[in-house]
Amino acid sequence: QVQLVDSGGGLVQAGGSLRLSCAASGRTFSNYRMSWFRQAPGKEREFVAAIIWSGGNTDYATSVKGRFTISRDNAKNTVYLQVNSLKPEDTAVYYCAAGLRERRDNDYWGQGTQVTVSS
C-alpha cells in the first residue's frame, strides 16, 4: 500500500523557518515527480515545488522561489521542503504528492500538514 505521510508543520512568526517532511512508502518512486502543494482557507490548491526523484531536477512557484527549497533523501525515502523567510500569506495546509514524471497528474497524496505564520 502506497503511503505519503506529511509532517513538520506548525505555528511560526513571520520570518521564521520550518522543514516539512514527506515520508514515502509502498513502492519505488525513482520514476516519480514529487511535489508540494498548499491550500489556504477559501482558496484553491496551488503548486509550490517539485523534484524529480532520480536526477533531482527541481521547479518552484514564483511566489516561493529563493525562500523554499525542495530536496530528497534516497536512503530515507523522504522528500523535504525547507521553508524560510515565512510570510503570513504562506499560511496553508501543505500537501505532498507523487506522480509519474511523464504525466501531469498526481497518483498519490499525503494527508497534509498545517503551516501557520503569525505577523
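Residues numbered from 1 in each chain as written. Predicted model: local features only at pLDDT ≥ 70, side-chain atom pairs only at ≥ 80, totals over all residues. Heavy atoms only, no water.

Enquirer: Just checking my understanding: could you explain the overall build of the protein for this structure?
Expert: Within the protein, the secondary structure is distributed over zero helices and eleven strands. Here the C-alpha radius of gyration of the protein, 13 Å, is about what a compact globule of 119 residues would show, namely 14 Å. Each of the three principal axes of the protein carries a C-alpha extent, and together these read 40 × 25 × 25 Å. When each of the 119 residues of the protein is scored for burial, the buried share is 44%. Counting only contacts in the protein whose residues sit at least 6 apart along the sequence, the fraction spanning at least 24 positions is 54%. As displayed, the protein offers around 6,300 Å² of accessible surface, 44% of which is attributable to carbon and sulfur atoms. Side-chain charges of the protein comprise 14 positive and 10 negative groups, with the mean position of each set lying 3 Å from the other. (Helix = DSSP H or I, 4+ residues; strand = E, 2+ residues; numbered from the N terminus. Rg over C-alpha atoms; globule rule 2.2 N^0.38 Å. Buried < 20%, exposed > 50% of the residue type's maximum accessible area, 1.4 Å probe, protein only. Contact = heavy atoms within 4.5 Å. Areas by Shrake-Rupley, 256 points an atom, 1.4 Å probe, with all protein chains shown as cover. Lys, Arg positive; Asp, Glu negative; His and termini not counted. Charge placed at Lys NZ, Arg CZ, Asp CG, Glu CD.)

Enquirer: I tried to follow the nonpolar core on my own but got confused; where do I start?
Expert: Nonpolar side chains in soluble globular proteins generally cluster together in the buried interior. Grouped together as the largest cluster of nonpolar side chains are 31 residues, with contacts concentrated most on Met 34, Trp 36, Leu 81 and Tyr 94. Those elements that place two or more of their residues in this core are strand 3 (18-25), strand 4 (32-39), strand 5 (46-52), strand 7 (68-73), strand 8 (78-83), strand 9 (92-100) and strand 11 (113-118). For this core, the element with the highest residue contribution is strand 9, accounting for five residues. (Core = buried A, V, L, I, M, F, W, Y, C linked by side-chain atoms within 4.5 Å.)

Enquirer: What should I look at first to understand the state of the cysteines in this one?
Expert: Covalent bonding between the sulfur atoms of two cysteines defines a disulfide. Per the stated rule, a full pass over the model turns up one disulfide. Each sulfur in the disulfide pair Cys 22 and Cys 96 lies 2.1 Å from the other. Looking along the S-S bond of the Cys 22-Cys 96 disulfide, the torsion reads about -70 degrees, which is the left-handed sense. In this pair, Cys 22 sits in strand 3 while Cys 96 sits in strand 9, placing the two residues 74 residues apart along the sequence. Here Cys 22 matches Cys 96 in class, with each residue buried. (Disulfide = S-S within 2.5 Å.)

Enquirer: Explain the packing of aromatic side chains here, please?
Expert: Describing an aromatic ring pair means giving the distance of the ring centres and the angle of the ring planes. Applying the stated criterion across every chain, the model contains five aromatic pairs. Between the aromatic rings of Phe 37 and Phe 47, the centroid separation amounts to 5.9 Å while the plane-to-plane angle is 75 degrees, which identifies the pairing as edge-to-face. Of this pair, Phe 37 sits in strand 4 while Phe 47 is found in strand 5, placing the two residues ten residues apart along the sequence. Following the ring pairs from residue to residue traces out a cluster consisting of Phe 29, Tyr 32, Trp 53 and Tyr 108. Between Arg 19 and the ring centre of Tyr 80, over which it is positioned, the NZ or CZ distance is 4.1 Å. The positively charged end of Arg 45 is found above the aromatic ring belonging to Trp 109, 4.0 Å away from the centroid. (Phe/Tyr/Trp six-rings, centres within 6.5 Å; stacked < 30°, edge-to-face > 60°. Lys NZ or Arg CZ within 6 Å of the ring centre and 35° of its normal.)

Enquirer: What's the story with the pattern of salt bridges in this structure? I'm lost.
Expert: Side chains carrying opposite charge are able to pair once their charged atoms draw close together. A complete count under the given rule lists five salt bridges for this structure. As a salt-bridge pair, Arg 67 and Asp 90 come within 2.8 Å of each other at their nearest N and O atoms. Linking Arg 67 in the loop between strand 6 (58-60) and strand 7 with Asp 90 in the loop between strand 8 and strand 9, this pair joins segments that are 23 residues apart in sequence. As far as the burial class goes, Arg 67 and Asp 90 line up, both buried. Put simply, Asp 107 and Arg 103 hold a salt bridge, and the shortest N to O gap is 3.5 Å. Assessed through its relative accessible area of 36%, Arg 103 is described here as partly exposed. If you follow the salt bridges from partner to partner, you end up with Arg 38, Glu 46, Arg 67 and Asp 90 in one network. (Salt bridge = Lys/Arg side-chain N within 4 Å of Asp/Glu carboxyl O.)

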